[in-house]
Amino acid sequence: MPFDVARVRGLFPTLGDGYIHLDGPAGMLIPESVARAVSAAMRVPLSNRHGPFPSSARADALVDAARRAFADLVGGDPAGVILGPNMTTITYGLARTLAKTWRVGDEVVLSRLDHDANIRPWLTAAKSAGAVVRWAEVDIETCELPEWQYDELITRRTRLVAVTAASNAVGTRPNVRAISDRAHQVGALVHVDGVHAAPHGPLDMARLGADLVATSAYKWGGPHMSATVAAPALLDTLAPDKLVPSPDAVPDRFETGTAAFELMAGVVAAVDHLAGLDDGAVGSRRDRILASMSAVQRYEASVLARLESGLRSLLHVYALGSPRNRTPTLSFSVKGWKPRAVTEELARRGICAWDGDYYAYELMESLGVGELGGAVRVGLVHYNTAHEVDRLLDALQELR
Ligand SMILES: Cc1ncc(COP(=O)(O)O)c(C=O)c1O
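Per chain, the residues get numbers from 1 upward, laid out in the order the sequence is written. Where totals are concerned, whole chains, interfaces and linings use all residues; where local detail is concerned, this predicted model gives features only for residues with pLDDT of at least 70, and gives and counts side-chain atom pairs only at 80 or more. Only hydrogens and water are set aside when side-chain values are computed; all heavy atoms of the structure are taken into account.

Visitor: Residue-level account of the site of the ligand, with values.
Guide: Near the ligand there are 13 residues, and of these Thr88, Asp193, Ser216, Tyr218 and Lys219 occur at the shortest range. Polar contact is the term for a pair of N or O atoms within 3.5 Å; when the atoms are in protein, one must be able to donate a hydrogen and the other to accept it, and sequence-neighboring residues count only if both atoms are side-chain atoms. Within the side chain of Thr88, one N or O atom sits 2.6 Å away from an oxygen atom of the ligand. Take Asp193: an N or O atom from its side chain is 2.5 Å from a nitrogen atom of the ligand. Per-residue and other accessible areas were derived by the Shrake-Rupley procedure at a 1.4 Å probe size, with only the shown protein chains allowed to occlude residues. Surface burial for the ligand is 90%, taken as the share of its 390 Å² of free accessible area covered by protein chains. As a working rule, the residues Ala, Val, Leu, Ile, Met, Phe, Trp, Tyr, Cys and Pro are called nonpolar, Asp, Glu, Lys and Arg charged, and the rest polar, with Gly in that last group. Across the shell around the ligand, the residue classes tally to 4 nonpolar, 7 polar and 2 charged. Whether a residue is near a molecule or strand is decided by its heavy atoms; if any one of them lies within 4 Å of it, the residue is near.

Structure, rendered in structure tokens:
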């Protein structure tokens, strides 16, 4: 069934603001169903967890429902879903926790393709444990992450490999499975950053070979909340820093402080939104997510093809990389223009795009554009259209 983008756009009243939103990789707009779900959760009595009264039972139910929703999105076990305010905070906590199990001379493998949130927490934790950091480099022509280099990077001392399922700057989807297979041969854990990949296609932690996978709901139409999903048996072996009176069970012991229960209602609505994007999809919510996200991937690929060929025809625009397997996110420079000046011009023409390094700091440094103010990033999500791409191309044409 063709992807019904007109129906999908109708689910996002905020698209009516007159702007073309190509800033999805920094956070998608919110469908009305999500805004309503959060509002509804705040319009009934809602208290803290574990009390013997209905408003507390509501908080418990929201936590359970959010765990099931995140688990359905990544193909995980709800009992292994660590909830938190954002991916960066959860990853810092996990890095501190895992580092307690590392010894001097152990090794951690990081990639320069990654967002800094899947780099700096591990790097800091490795330093504090006396572990060695080894780097996977990016091919600066293609912006691919060659997996063969992991043959040498992963050794018997490797304890953790952190890698992204997709780059938030240039869209590259590395071959995570080839990397995780190598890591598992030596018993290392694999932490996959699924934050950028999640809105662009089916995500399955078993297929990726991810021991831990992170995702942030605000990247796929949800509120500002995140989760990292692991097998409960793995979490059972770990001892995060925690308050004495807070629950010691898994996954609760990985969660600090009182959570944003009302936002959890929005997470559930956002996952239901994704599951409903292909309105012909049937079966369990996980089945419908897989069907819908496959439809999203096909649709986005068709709009991306137009964007890529249009940019290629603009001789004053230079796209960073040409990864074979990618999300519809790309970065480019415009000859004679600073990245911020380009996004200001685009904003004047009603187009939202990002400039800078988008926290893909190591990548931008590797590409040599860090000092130049980074690049301009546009990203398509499931509510963007070919017409919007044409408007972007027209606007860039004027910046010659
Ligand atoms: C690929 C990727 N990883 C991690 C993050 C950090 O996520 P959060 O904002 O939830 O901390 C982002 C945010 O832009 C991202 O794009």
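Moving on, there is more to tell.
Visitor: So what's going on with the sheet that holds strand β7 (residues 212-216)? Residues and values would help.
Guide: By the convention used here, strands pair only if DSSP detects at least 2 bridges between them. Strands are runs of DSSP state E lasting at least 2 residues, helices are runs of H or I lasting at least 4, and numbering of each runs from the N terminus. Ordered by their spatial adjacency, 7 strands build an open sheet running β2-β8-β7-β6-β5-β3-β4, and the pairing between neighbours is mixed. The strands lining the two open edges of the sheet, one partner per strand, are β2 (81-84) and β4 (132-136). In this sheet, neighbouring strand axes are inclined to one another by 20 degrees on average, regardless of whether the strands run parallel or antiparallel. The sheet contact formed by strand β5 (residues 158-164) and strand β6 (residues 189-193) spans 5 bridges and is parallel. Along β6, the bridge assignment pairs Val163 with Val192. Only heavy atoms enter the contact rule, under which two residues are in contact if any of them lie within 4.5 Å. Axis geometry follows a simple rule: fit a line to the C-alpha atoms, using only the stretch in contact for helices, then measure angles between N-to-C directions, giving values from 0 to 180 degrees. With respect to the sheet, helix α7 (residues 176-185) is in contact with β5 and β6, its orientation differing from that of β5 by roughly 175 degrees.

Visitor: So what's going on with unusual backbone geometry? Which residues, and what values?
Guide: Pro251 follows Val250 through a cis peptide bond whose omega is 5 degrees. Of note, Pro251 is situated in the loop between α9 (232-236) and α10 (261-275). For His50, which is not a glycine, the phi torsion comes out positive at approximately 70 degrees. Each residue is assigned to one of three classes by its accessible area relative to the maximum for its type, calculated with a 1.4 Å probe on protein chains only: buried under 20%, partly exposed between the two thresholds, exposed over 50%. By relative accessible area, which is 54% here, His50 ends up exposed. Phi at Tyr358 is positive, roughly 50 degrees, even though this residue is not glycine. Position of Tyr358 among the secondary structure elements: in the loop between β12 (354-356) and α13 (361-367). Since its relative accessible area comes to 7%, Tyr358 is described here as buried.

Visitor: A description of the packing of aromatic side chains should follow, citing residues and the corresponding values.
Guide: Geometry of aromatic contacts follows a simple scheme: Phe, Tyr and Trp rings, the Trp one being its six-membered ring, pair when their centres are within 6.5 Å, and the pair is stacked under 30 degrees between planes, edge-to-face over 60, tilted otherwise. By the definition in use, this model includes 3 aromatic pairs. With centroids separated by 4.7 Å and ring planes inclined at 25 degrees, the aromatic side chains of Phe3 and Tyr299 adopt a geometry described as stacked. With a gap of 296 residues between them, Phe3 in the segment before α1 (5-10) and Tyr299 in helix α11 (residues 285-312) connect regions that are remote in the sequence. When the centroid spacing of 4.8 Å and the interplanar angle of 65 degrees are considered together, the rings of Phe12 and Tyr383 count as edge-to-face. Separated by 371 residues along the polypeptide, Phe12 in the loop between α1 and β1 (20-21) and Tyr383 in the loop between β13 (375-379) and α14 (386-397) bring together distant segments of the chain. Taken individually, Phe12 and Tyr383 each receive the classification buried, so the pair is uniform in this respect. Positioned over the ring face of Trp135 is Arg112, at 4.0 Å from the centre of the ring. Over the aromatic face of Tyr358 sits the side chain of Arg377, whose NZ or CZ is 4.4 Å from the ring centroid. In our convention, an over-ring charge means Lys NZ or Arg CZ found within 6 Å of a ring centre and within 35 degrees of that ring's normal.

By themselves, these figures tell us nothing about what the structure is for.
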